[in-house]
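A look at the structure
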6 protein chains.
Amino acid sequence: MAYKLYILNPNSSAATTSAMQRGAANVLEKLDVDVVFDELQDGPPGIETQAHVEAVAFPVLSRFQSVEADAYVIGCFSDPGLALCRSELSRPVFGIAEAAYLEASTLGSKFGVISIVGASIPRHLRQIRILGLQGSLAGDRSLDLGVKGLEDPEIALPRIIEIGKQLRDVDGASVLVLGCASMGVYRPRIEAALGIPVVDPVQAAIVRAHNALILNYPKATQ
Amino acid sequence: MAYKLYILNPNSSAATTSAMQRGAANVLEKLDVDVVFDELQDGPPGIETQAHVEAVAFPVLSRFQSVEADAYVIGCFSDPGLALCRSELSRPVFGIAEAAYLEASTLGSKFGVISIVGASIPRHLRQIRILGLQGSLAGDRSLDLGVKGLEDPEIALPRIIEIGKQLRDVDGASVLVLGCASMGVYRPRIEAALGIPVVDPVQAAIVRAHNALILNYPKATQ
Amino acid sequence: MAYKLYILNPNSSAATTSAMQRGAANVLEKLDVDVVFDELQDGPPGIETQAHVEAVAFPVLSRFQSVEADAYVIGCFSDPGLALCRSELSRPVFGIAEAAYLEASTLGSKFGVISIVGASIPRHLRQIRILGLQGSLAGDRSLDLGVKGLEDPEIALPRIIEIGKQLRDVDGASVLVLGCASMGVYRPRIEAALGIPVVDPVQAAIVRAHNALILNYPKATQ
Amino acid sequence: MAYKLYILNPNSSAATTSAMQRGAANVLEKLDVDVVFDELQDGPPGIETQAHVEAVAFPVLSRFQSVEADAYVIGCFSDPGLALCRSELSRPVFGIAEAAYLEASTLGSKFGVISIVGASIPRHLRQIRILGLQGSLAGDRSLDLGVKGLEDPEIALPRIIEIGKQLRDVDGASVLVLGCASMGVYRPRIEAALGIPVVDPVQAAIVRAHNALILNYPKATQ
Amino acid sequence: MAYKLYILNPNSSAATTSAMQRGAANVLEKLDVDVVFDELQDGPPGIETQAHVEAVAFPVLSRFQSVEADAYVIGCFSDPGLALCRSELSRPVFGIAEAAYLEASTLGSKFGVISIVGASIPRHLRQIRILGLQGSLAGDRSLDLGVKGLEDPEIALPRIIEIGKQLRDVDGASVLVLGCASMGVYRPRIEAALGIPVVDPVQAAIVRAHNALILNYPKATQ
Amino acid sequence: MAYKLYILNPNSSAATTSAMQRGAANVLEKLDVDVVFDELQDGPPGIETQAHVEAVAFPVLSRFQSVEADAYVIGCFSDPGLALCRSELSRPVFGIAEAAYLEASTLGSKFGVISIVGASIPRHLRQIRILGLQGSLAGDRSLDLGVKGLEDPEIALPRIIEIGKQLRDVDGASVLVLGCASMGVYRPRIEAALGIPVVDPVQAAIVRAHNALILNYPKATQ
């Protein structure tokens, strides 16, 4: 019987949820896991500020408490509510940013992060330091596209590749992390353009959750 | 004209607030600053779990938004709401744990933390890593006293000194941090017993807030 | 169609291969993957010295070159031939020690290693430093049992638990790594005795190989 | 009754002393502290070489021993005599460079240092490593202006801003440290031009000394 | 009576051996040591891939076992067989890359490596991490010259100096390491052109071997 | 023609100088170098405090300036005057503590320091941090013998071995550094008793100075 995985986009945009799902499709077809993608219908339209991040923590927890699953994934690159959900739930919970950083650190010497907006960079750095991975961080650069730009692949994709080249050539990244939940569909084209591994955080989190279910470790106390 | 400082105990216990105030008294009498100590009347009776920490973040922010002051101090060793308040308020906000870690790291080669309960140690470590101070952490040990024990100085003080000796002699700490908002009154006796500097986080945060007002730096972007 | 995984025990002992297989059974039954366990019939009876480690590198590579599989796992905690196989083969290759260290570093703040013999500890440390994980290493302690002792669960299991307690209580490990390919069957009993996650390297490598096949990243250049 | 602070410029230039005093004026007016600024009349005209730094150590100590104060500040960015004075005096002693590095490390992720001459950069690095702050150092760049240039604000200020921009934009500094005792008056203009916090070491040391008097920790033994 | 040192070029090229010998000549004339330079006649024409590195490990060991000497040096910047030879021989064995990294780390704050080909950079990084010197690595850049170019000083020398300038000026290296066994003759010209210390690995290893013989430490167990 | 090395004991005790000379004898007989051992006749009877360390800096420099030699060694484990002499002299200058730390860091994973008095431990730590070797420091423990005890081998040697055992078995040191200029004669007995390498700082500095003369690098600028 397949594991059941519940992936929650904590913003209210069904379009974002749909993009996550499309980006993860090629991974999901290879895994024997039942995945439900959902959004937080009462959430903000996007998770952009620290207030957005913290405001959705308890709603994410409540949703997880009301949905039966073997493991839960928080589908936002700020991993809102991750520590809270882990302390309150007995089932395992994963953040897509954490999963992406951990995956990237195993794929090469140094990884670079492609962020949506510069304001999130200090938040990323805090999480990377918590994971002890700052020695593997080559750089974190933001796209600084407006909402319109992000939604238009004709604008977004060339910009992602441009920033990726800077991370690779100036900062020395040998691996890239897409700092967003909805860029997964671009992964093949970015890898083709840059010739280095590109980690999509949703894909990384799905596989990480699947791992955890299989290996079934008890929680560490520290 | 004196600066106005607002220090909020985010639990509902006026006794805790009062202990914080007594512990800070000898510092306050030397500073030209008007301090208001208050508690979050609707908060939990104590901040013990990750859920408590996150639940008070927005109430702390709301309280700060409704109180006029030059700077704000979050009076709980888990620094609940610190990132949120900093991102939302233009006035400076300080956490007592952050202030204590930063102070301790300047007073000797390695510092030890005396925690109330073991469950908070991973949370402390996350914050110490965010600050980049893990190289200066000698150890973190918990008192593991029940509530009764903590409130009884006949029980608490000898236990604090015992744990402090372990941090000093086994772990190599040359400085100690009191991992609680209400132990400040014990500082002189602990320092006398152990012969090394002991940082009370409330005292450290008050002085740090006063500094910030005087030096008046703009916010860093990262 | 299931992925095909080829796991090679580079010593000549079919008993070791069989122990690996039994230790991985509960993981394999949850994965849709065809696994072949095999040994290097011409290998040494055990991989104990640096000469053993290096002597089997090319035989491991040759075997992998002659066996069709989607991914390869080197089933020895010294990861003999790992760099060589990675540079020569286009299919992904995994070492069980590397997989165990990477897994352990994600399960808690600090991990401890239970080694068979003290002479392998410097070799472990070299690999941990290559991975950049030395900041998460709590300690590495050896069982120092003779061959007889290792093969007798009545002797081995209490000793593993004793060393695990030292790593947990003296060195501060919150996660343990079993530094051997054939201890996997003991994992549930060790976790029950110690109350912290215990990583079996063969299990960790199988899951890691499965991940890699699903996520299908290109090789990093550095 | 106000604390008495004695700040000694260890070179013989009263003009430098006066510049320090002007740079600290806006801080001093907010603190209830009596500050005496003085110079070492027999000191070298400037502290430029390692020999200058070491030659003034005992004269600085002698001066402090002959002047009654609650705390002492060594007003030179090479902190000459700091370890010596700390070991010989019971009252607290502060170096302006140490105070600036510690302050800067709390204001953002990475700090940059603006040095007067390149020859002092290795000396700065030694002190930053002693403090354990090398992980927070973005870069150290020198103005390489002659004496004439430094004394002429028309030349010095644009050059400081140019170097600050390189530290911010090329090296990734989110905070700057002015590596000189007499640039404090420029702080507001540099902050306005660059939009990030700028630490004047004299201001930082005054506040740090004031802190120490208020918090009154015993000396750490290590 | 002079110590006897045996330096083995593990490729089959007598021309490389001869270049090593010429590059070490000015060091050897100052040391009372009898040095034999030799090549592995059955080795590959050059050590370029991981397979080359590992293939010569046992041949290097066998050669050392058949030649009487007080200490042995592996004359290739990949240090092939170093761990193996150390574990099997009672006499001390040195790798030229290890010797160069250790020497470089004592000559300045940060060192840069000039590599022959980019593919060797991850291998260098692994060894630098094993030595714990990653904090002192400014950068590693490759010449990317063909074989023809490397053998022609008119092409090689200007390229080495160009790459050295990038390491010095862009990456902040204050010391350079020549990542090749046969560039020693260029050392004076490179130092003259760049004004910073340049470490030739063969020279560094000879002196390090001589040290070890004089100081005669027992082997460390870890 | 042999190099000339001048080794200065900066205290006034000819007995200390003589002990240094005896401890270095077996190294000197293997090197073609003319060594003069001398003491600072006007120095303090011992270098015990920070004031002693700094007071002899210029006398050490003056002595070096008045004595013709190819290289100079400061024969005291506090390396008094090292930075000063390096900046003022064109000939190379070495400190015995620096030489010992650098040597120890190459002999095993972690080194321990055997100090004469606890008060010097923070000074050692400052220098170890300057060298970037704190990651290799297992511990620093002091003998805490009085002067009488130190001079009596019947008392000193067993105590050194006892402390060495603690560093090896409790702190995990695989190499030891003798934190004193006059313990060299004990090195063989300590190594025999403990079975790990023991670095005598005078021996290490002599060999390091000899190296530098042979390799003849220009000074690094940073």
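Residues numbered from 1 in each chain as written. Chains lettered and ligands numbered in written order. Predicted model: local features only at pLDDT ≥ 70, side-chain atom pairs only at ≥ 80, totals over all residues.

A few words on the interface of chain B and chain D. Taken together, the contact pairs 28 residues of chain B with 28 residues of chain D. Where the side of chain B that touches chain D is concerned, the elements lending two or more residues are helix 5 (96-107) and helix 10 (201-215) of chain B. Per element, the largest residue contribution to the side of chain B that touches chain D is five residues, and it comes from helix 10 of chain B. Across the side of chain B that touches chain D, the residue classes tally to 13 nonpolar, twelve polar and three charged. (Contact = placed C-beta atoms within 7 Å. Helix = DSSP H or I, 4+ residues; strand = E, 2+ residues; numbered from the N terminus. Nonpolar A, V, L, I, M, F, W, Y, C, P; charged D, E, K, R; others polar.)

Rotating chain B by 180° and moving it 0.0 Å along the rotation axis overlays it on chain D with an RMSD of 0.0 Å. Overall, the copies show the geometry of a two-fold rotation axis. Interface overlap between copies: 100% of the residues of chain B at the interface are likewise at the interface in chain D, consistent with a symmetric, same-surface contact. (Least-squares fit on C-alpha atoms with pLDDT ≥ 70 in both.)

Within soluble globular proteins, side chains that are nonpolar tend to cluster in buried spots. Ranked by size, the top nonpolar core spans 146 residues in total, and within it Ile96 and Leu176 of chain E together with Ile96 and Leu176 of chain F carry the most contacts. Once residues within four sequence positions are removed from consideration, Leu176 of chain F is found in contact with Phe111, Gly112, Ile114, Gly164, Leu167, Ile196, Val198 and Val199 of chain F. (Core = buried A, V, L, I, M, F, W, Y, C linked by C-beta atoms within 7 Å. Buried ≥ 20, exposed ≤ 12 C-beta atoms within 10 Å, placed from the backbone.)

Moving on, we get to the domain arrangement of chain A. Interfaces are often sized by the amount of accessible area the parts lose when they come together. Residues and elements named next belong to chain A. In terms of domains, chain A is made up of domain 1 (3-95 + 203-215) and domain 2 (98-200). A separation of 20 Å is found between the C-alpha centroids of domain 1 and domain 2. Across the boundary between the two partners, domain 1 contributes 20 residues, which contact 17 residues of domain 2. Elements represented by at least two residues in the side of domain 1 that touches domain 2 include exactly helix 1 (14-28), strand 4 (93-95) and helix 10 (201-215). Top element by residues in the side of domain 1 that touches domain 2 is helix 1. It accounts for six residues. Here the residues of the side of domain 1 that touches domain 2 are counted per class, giving nine nonpolar, seven polar and four charged. (Domains from an automatic or database assignment.)

Residues and elements named next belong to chain C. Judged by pairing direction, the sheet is parallel, and its four strands sit side by side in the order 6-5-7-8 without closing on themselves. In the strand order of this sheet, the two ends are held by strand 6 (137-142) and strand 8 (198-199), each with one partner. Two elements, strand 5 (residues 111-115) and strand 7 (residues 175-179), share five bridges in a ladder whose sense is parallel. The partner of Ile114 across the bridge, within strand 7, is Leu178. (Pairing = 2+ DSSP bridges.)

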